[in-house]
Amino acid sequence: MALLFDTDFNRFWGSRRFRHLNGHPFTDEEQALADDATLEEFQAAGVRVHNPEAVAEAEAAATELVKLVHSYALRNHRSLVQFMTHEDMLEYDRLCGIIVAGTDS
């Protein structure tokens with residue numbers, strides 16, 4: 001674990017070779033240790049590892065959050081105006097006009 005805490009994870013594109021925080025490349029022995037590290041060890045060292053399941057979960061949560069905020073915005077839309085910039089209010093009015101025009105058809 002100590003080796004991972006002293007690792008610069010910003011590697012050159014295409015390079016599989018790690019470097020220490022001071023810029024020195026790993027020895028072959030250190031590289032072998034890093035290559036054998038588990039996902040949990042990398043995460044414990046603070047490395048953000050791409051996790052497709054977490055991405056999908058975050059996207060689903062964002063969608064649910066938008067639905068929740070939307071439900072409050074519909075009931076309390078007039079109170080939102082106090083938080084808007086002038087440009088946002090103009091866009092808000094423009095979008096509301098489109099919605100009203102679409103529901104009148």
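Since the model is a prediction, treat every value here as computed from it, not as a measurement. Each chain has its residues counted from 1, running along the sequence as written. Totals for whole chains, interfaces and linings use all residues, but because this is a predicted model, local features are given only for residues with pLDDT of at least 70 and pairs of side-chain atoms are given and counted only at 80 or more. Values shown for side chains rest on all heavy atoms present in the structure; no hydrogens or waters enter the calculation.

J.: What is the right way to read the overall build of the protein chain from this model?
T.: Each helix is a run of DSSP H or I of at least 4 residues and each strand a run of E of at least 2, with the numbering of both proceeding from the N terminus. Counting secondary structure elements, the protein chain contains six helices and two strands. The helix and strand sequence of the protein chain, counted from the amino end, reads α-β-β-α-α-α-α-α. For this measure, only C-alpha atoms enter the radius of gyration; the expected value for a globule follows 2.2 Å times N^0.38, where N is the number of residues. Over its C-alpha trace the protein chain gives a radius of gyration of 25 Å, far above what one expects of a compact globule, namely 13 Å for 105 residues. Each principal axis of the C-alpha atoms in the protein chain carries an extent, and together these give about 70 × 25 × 25 Å.

J.: Would you take a moment to explain helix α2 (residues 28–35) for this structure?
T.: Each residue gets one of three labels from its accessible area relative to the maximum for its type: buried under 20%, exposed over 50%, partly exposed in between, using a 1.4 Å probe on protein chains only. Turning to α2, its buried residues are E30, Q31 and A34. Looking straight down α2, one finds its buried side chains confined to an arc of 100°; they lie on one side. Those residues of α2 that are exposed and aimed more than 90 degrees away from the buried face are D28, E29 and L33. The elements touched by buried residues of α2 are α1 (2–5), β2 (19–20) and α3 (39–44). Working note: the arc is built from the helix axis to C-beta atom directions. Note on contacts: a residue pair qualifies if any of its non-hydrogen atoms lie within 4.5 Å across the two residues.

J.: What am I meant to see in the pattern of salt bridges here?
T.: Note on pairing: side chains with opposite charge can pair once their charged atoms come close. We define a salt bridge as a side-chain nitrogen of Lys or Arg found within 4 Å of a carboxyl oxygen belonging to Asp or Glu. According to the stated counting rule, one finds three salt bridges in the structure shown. Here E64 and K67 are joined by a salt bridge, their closest N and O atoms 3.5 Å apart. Of this pair, E64 and K67 both sit in helix α4 (residues 52–75), three residues apart, which is roughly one turn of that helix. Ionic pairing is found between E91 and R94, a salt bridge with its closest N-O pair at 2.8 Å. Within this pair, E91 and its partner R94 are both found in helix α6 (residues 86–104), separated by three residues, close to a single helical turn. With a relative accessible area of 35%, E91 lands in the partly exposed category. Residue classification places R94 among the partly exposed positions, given a relative accessible area of 44%.

J.: I keep staring at the nonpolar core and nothing clicks. Help me out?
T.: Nonpolar side chains in soluble globular proteins tend to end up buried together. Buried Ala, Val, Leu, Ile, Met, Phe, Trp, Tyr and Cys residues that are joined via side-chain atoms within 4.5 Å together make up what is termed a nonpolar core. Among the nonpolar cores identified, the biggest contains nine residues, and these are L3, L4, F18, F26, A34, A37, F42, A45 and V47. Residues in contact with A45, not counting those within four places in the same chain, are M1, L4 and F5.

J.: Explain the side chain of T7 to me, please; I cannot follow it from the model alone.
T.: Within the secondary structure, T7 is located in strand β1 (residues 7–8). Since its relative accessible area comes to 6%, T7 is described here as buried. Side-chain polar atoms of T7 contact the backbone oxygen of L3, separated by 2.6 Å. By the criterion applied in these results, polar contacts are pairs of N or O atoms within 3.5 Å in which, for protein atoms, one can donate a hydrogen and the other can accept it, and in which residues neighboring in sequence qualify only through two side-chain atoms.

J.: For this particular structure, what's the right way to read the side chain of E30?
T.: One can find E30 in helix α2. A distance of 2.9 Å separates the side chain of E30 from the side chain of H20, its partner in a polar contact. If we ignore the near neighbours within four places in the chain, the residues touching E30 are L3, H20 and P25.

J.: Would you take a moment to explain a nonpolar patch on the surface for this structure?
T.: Residues with no salt bridge and a relative accessible area higher than 30% make up the patches, which join like charges within 9 Å and nonpolar side chains (Val, Leu, Ile, Met, Phe, Trp, Tyr) within 5 Å. Areas reported here follow the Shrake-Rupley algorithm with a probe of radius 1.4 Å; residue values treat only the protein chains shown as occluding. A contiguous nonpolar surface patch, about 400 Å² in accessible area, is contributed by L65, L68, V69 and Y72. As for its placement among the helices and strands, L65 is situated in helix α4.

Limitation: the analysis is restricted to geometry and does not speak to function.
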